[in-house]
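The chain contents come next:
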Amino acid sequence: MPSLKDLKNRIQSVKNTRKITKAMQMVAAAKLRRAQEAAEEARPYAKRFNAVMAGLAGSVGGSDTAPKLISGTGSDQVQLLVVLTSERGLCGGFNSNISKLARQKANELIAAGKTVKVLTVGKKGRDALKREFGDMFVGHVDLSDVKRVGYSNAQDIAKDVLGRFDAGEFDVATLFYAEFVNVVTQIPTAQQIIPASYEDSEDEGLAAEYDYEPSEEAILADLLPRGVATQIFAALLENGASEQGARMSAMDNATRNAGDMIDKLTIQYNRSRQAVITSELIEIISGAEAL
């Protein structure tokens, strides 16, 4: 049974931990508002951009002059998985859920006889996957020194991915990230970015409303690399909001658990203290009766 001093020290230790988790929760809440606004403001642009690209891709998708980023290499044997996670932990299941989805995809591809390559963005994703797929890693992007993720960071990642595609290192690239819904809900998402895949939308008739100059093929050749960077940037913004939301929720739970633990330890401390006092009183009374 722990001594009164041990219990007192433990109570103080848990109180100090609660102060830290409470502070982290407040910091995450402040960062979440900015990150959420950035993610939500980027969605209309990404949606409209994809609508334009969908219309263009639909008009040239079956032609022989279609850009390679749309038509692909004609094979899906070599798959590149681009896994976006955070540089820091203490954010609940945010990183583990993304890594789990990427792991499932990798295992499915390996079982189908495909060659898998992994490019990680964020230390936590690299740490989660390197034990099982370490020999499949082809690169890592470190954003630990970046205070606020910007479009330039997405461009650098896109440049790396596109360079590997042009060099014939892979056939299909899939992006893994978490889509932000609210503080307690972040949905792990897998999105194919190469060959470009655009879903039908309400603006699918956009290509028929305009005449493009010089041509759809020329415009696509210029816009498709930007489209890859745009998709990566949107995913980074979604990840940023999801990370702060998950951290806020995790630190709130940690703060509550610390409070519950303090209450239990305080009760245990009071009971132990009362037992010591009772024991001392019994000894005093027994000594007095012996006299």
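Everything here concerns the structure above.
How each quantity is defined
- Residues numbered from 1 in each chain as written.
- Predicted model: local features only at pLDDT ≥ 70, side-chain atom pairs only at ≥ 80, totals over all residues.
- Heavy atoms only, no water.
- Pairing = 2+ DSSP bridges.
- Helix = DSSP H or I, 4+ residues; strand = E, 2+ residues; numbered from the N terminus.
- Axes fitted to C-alpha atoms, helices over the stretch in contact; angles between N-to-C directions.
- Parallel < 35°, antiparallel > 145°, perpendicular 65-115°, else oblique.
- Left-handed = near helix turned anticlockwise from the far one by under 90°.
- Contact = heavy atoms within 4.5 Å.
- Nonpolar A, V, L, I, M, F, W, Y, C, P; charged D, E, K, R; others polar.
- Buried < 20%, exposed > 50% of the residue type's maximum accessible area, 1.4 Å probe, protein only.
- Salt bridge = Lys/Arg side-chain N within 4 Å of Asp/Glu carboxyl O.
- Right-handed = clockwise from strand over helix to strand, strands pointing away.
- Phe/Tyr/Trp six-rings, centres within 6.5 Å; stacked < 30°, edge-to-face > 60°.
- Lys NZ or Arg CZ within 6 Å of the ring centre and 35° of its normal.

Another aspect to go through is the sheet that holds strand β4 (residues 172–182). The strand order β3-β2-β1-β4-β5 describes an open sheet built from five strands, whose pairing is mixed. Bordering the open sheet on either side are β3 (137–141) and β5 (185–194), each of which pairs with just one other strand. Averaged over all pairs of adjacent strands, the angle between their axes in this sheet comes to 20°, without regard to strand direction. Note that strand β2 (residues 115–121) and β3 share four bridges and pair parallel.

Another point: the packing of helix α3 (residues 94–111) against helix α4 (residues 123–133). Put simply, α3 and α4 touch, their axes get as near as 9 Å, and they point 30° apart. Here α3 lies roughly parallel to α4, going by the angle between them. The element α3 and its partner α4 pack so that their crossing is right-handed. Within the contact between the two elements, α3 uses N95, S99, A102, R103, A106, N107 and I110 and α4 uses K124, G125, A128, L129, E132 and F133. For the contact of α3 with α4, the residue count by class is six nonpolar, four polar and three charged.

Attention now goes to unusual backbone geometry. Excluding glycine, a negative phi dihedral is what most residues carry, and trans is how most peptide bonds are arranged. For the bond from I194 to P195, the omega torsion is -10°, close enough to zero to count as cis. Mapping P195 onto the fold places it in the loop between β5 and α6 (206–209). Positive phi, close to 60°, is recorded for L90, a residue that is not glycine. Here L90 lies in the loop between β1 (78–84) and α3. Overall, L90 belongs to the exposed group, its relative accessible area being 55%.

Time to look at the pattern of salt bridges. Tallying each qualifying case throughout the model produces 10 salt bridges. For E238, the salt bridge is made with R43, and the minimal N-O distance between the two is 2.7 Å. Of this pair, E238 sits in helix α7 (residues 216–290) while R43 is found in helix α1 (residues 4–60), placing the two residues 195 residues apart along the sequence. By relative accessible area, which is 7% here, E238 ends up buried. Residue R43 is classed as partly exposed on the basis of its relative accessible area, which comes to 32%. Ionic contacts of the salt-bridge type, sharing partners, join the residues R126, D127 and K130 into one network.

Bringing the pairing of β2 into the picture now. Burial of β2 is extensive: five of the seven residues sit out of reach of the surface. Pairing between β1 and β2: seven bridges, direction parallel. Paired with V82 across the strands is L119, a residue of β2. For the handedness criterion, the β-α-β arrangement of β1, α3 and β2 is classed as right-handed. Handedness of the β2-α4-β3 crossover: right-handed.

This paragraph deals with the packing of aromatic side chains. Across all of its chains, the model carries three aromatic pairs by this definition. Considering the side-chain rings of Y151 and F233, the 5.5 Å spacing of their centres and the 85° angle between planes classify their relative orientation as edge-to-face. With a gap of 82 residues between them, Y151 in helix α5 (residues 151–166) and F233 in helix α7 connect regions that are remote in the sequence. Summarising the aromatic geometry, the rings of F165 and F170 are spaced 5.5 Å apart at their centres and angled 45° between planes, so their arrangement reads as tilted. A relative accessible area of 1% places F165 in the buried class. Over the ring of F165 we find K68; its NZ or CZ atom is 5.2 Å from the centre of that ring.

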